[in-house]
Amino acid sequence: MAHEDDGGQAVPNTRGMRSDGDGVTRRRPLRERHVEETVEVAVPVRTAYNQWTQFKTFPRFSTVVRDVEQIRPTVTAWTIGYGPLRHRFAVEIVEQDPDAYLAWRGLEQHPTHQGEVEFRPTESGGTAITVRMLLQPQGAAKVLTRSSRVVGLTVRLVRGELVSFKHFIEGLGQEGGAWRGTIRNGRVQHETPEPPRSRVAQWPVG
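Report follows, based on the coordinates. None of these values were measured; they are calculated from a predicted model. (Residues numbered from 1 in each chain as written. Predicted model: local features only at pLDDT ≥ 70, side-chain atom pairs only at ≥ 80, totals over all residues. Heavy atoms only, no water.)

When helices and strands are tallied, the chain shows 3 helices and 11 strands. Seen in sequence order, the chain has helices and strands lined up from the N terminus as β-β-β-α-β-β-β-β-β-β-α-α-β-β. The proportion of buried residues among the 206 residues of the chain is 43%. Long-range pairs, those at least 24 residues apart, make up 58% of the contacts in the chain with a sequence separation of at least 6. Carbon and sulfur atoms make up 52% of the accessible area of the chain, which totals about 12,100 Å². (Helix = DSSP H or I, 4+ residues; strand = E, 2+ residues; numbered from the N terminus. Buried < 20%, exposed > 50% of the residue type's maximum accessible area, 1.4 Å probe, protein only. Contact = heavy atoms within 4.5 Å. Areas by Shrake-Rupley, 256 points an atom, 1.4 Å probe, with all protein chains shown as cover.)

Take the pairing of strand β5 (residues 75-80) next. Extensive coverage of β5 is indicated by the burial of 5 of its 6 residues. Here strand β4 (residues 65-72) runs beside β5; their pairing, made up of 6 bridges, is antiparallel. Each residue of the ladder has a partner; that of Glu 69, found in β5, is Ala 77. Inspection of the sheet shows β5 paired to strand β6 (residues 87-97) by 6 bridges, in the antiparallel sense. In the sheet register, Thr 76 faces β6, and the bridge partner there is Val 91. (Pairing = 2+ DSSP bridges.)

A few words now on the nonpolar core. A general trend in soluble globular proteins is that nonpolar side chains are found buried together. Counting 34 residues, the largest nonpolar core has Trp 52 and Ile 129 as its most contacted members. The set of elements that each furnish at least two residues to this core consists of β3 (35-41), α1 (45-52), β4, β6, β7 (101-106), β8 (113-121), β9 (127-135) and α3 (148-172). For this core, the element with the most residues is α3, which contributes 5 residues. Setting aside anything within four residues of it in sequence, one finds Trp 52 in contact with Phe 58, Val 117, Phe 119, Ile 129, Val 131, Leu 162 and Phe 165. (Core = buried A, V, L, I, M, F, W, Y, C linked by side-chain atoms within 4.5 Å.)

This paragraph deals with the environment of Val 131. Note that Val 131 resides in strand β9. Judged by relative accessible area, which is 5%, Val 131 ranks as buried. With near-sequence residues (within four places) excluded, Val 131 lies in contact with Val 35, Glu 36, Glu 37, Trp 52, Trp 104, Glu 116, Val 117, Val 158 and Leu 162.

Glancing now at the side chain of Glu 37. When you line up the elements, Glu 37 lands in strand β3. With residues near it in sequence (within four places) discarded, Glu 37 still touches Ile 129, Thr 130, Val 131, Val 155, Val 158, Arg 159 and Leu 162.

Time to look at the environment of Met 133. The residue Met 133 is located in strand β9 in this model. Classification of Met 133 by relative accessible area gives buried; the value is 14%. Along the backbone, Met 133 and Val 155 are 22 residues apart, and their C-alpha atoms lie at a distance of 9.3 Å.

In this section: α1. By the criterion of burial, α1 is predominantly enclosed, with 7 of the 8 residues buried. Burial in α1 covers these residues: Val 45, Thr 47, Ala 48, Tyr 49, Asn 50, Gln 51 and Trp 52.

As a further point, take the packing of aromatic side chains. All chains considered together, the criterion is met by 10 aromatic pairs. When the centroid spacing of 5.3 Å and the interplanar angle of 85° are considered together, the rings of Phe 58 and Trp 78 count as edge-to-face. Of this pair, Phe 58 sits in the loop between α1 and β4 while Trp 78 sits in strand β5, and the two are 20 residues apart along the sequence. Considered together, Phe 58 and Trp 78 belong to a single accessibility category, that of buried residues. Taken together, the aromatic side chains of Tyr 49, Trp 52, Phe 55, Phe 58, Phe 61, Trp 78, Phe 119, Phe 165 and Phe 168 make up a single cluster linked through ring pairs. (Phe/Tyr/Trp six-rings, centres within 6.5 Å; stacked < 30°, edge-to-face > 60°.)

This next bit is on unusual backbone geometry. Positive phi is not limited to glycine here, since Asp 99 has a value of about 65°. Relative to the assigned elements, Asp 99 resides in the loop between β6 and β7. We note that Asn 185 has phi near 55°; this positive angle belongs to a residue other than glycine. Residue placement: Asn 185 occurs in the loop between β10 (182-184) and β11 (187-189). Judged by relative accessible area, which is 25%, Asn 185 ranks as partly exposed.

Okay, here's the thing in structure tokens:
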């Protein structure tokens, strides 16, 4: 994740939202899904969450992720594939709560998807990581998501990636970095209001 606000226009994402008692609108967990997989890792929640937010390290343990590029503060471009086959697509983080929750959506038109990952402490002091995904293809590609074989392949892929992450973070023992920001509706939330930006050019001095 990046460390600055996205200057672009936020995309409304009211579907699946909920309003908590503190007046903050947060995304409701996916009710409809094609995939739900959980793995327990033997590190604290903070460690697991911090490492997960280091998206550029995914190629170090993933069998399918080849590269992750930061495009904007809440948008990353992922390159996945096997052998010479490659596919690149953009993902937007729409909701993010430190040590608890992260939700994303694919920015492709055909096909696309949305997903979420939750982090929960276990009684042993470790972390239960749950990934849920909803495939949302368009046109003829919708037929694929009706196939139990295709959905089963996606389930096995997600499960395999979670197990790979488990081995990776447990091998490290501690996170290699962290991004502790909060995101609401695709926008980074700042703890204190930013001062007004001057329209006057700031020339170097000295």
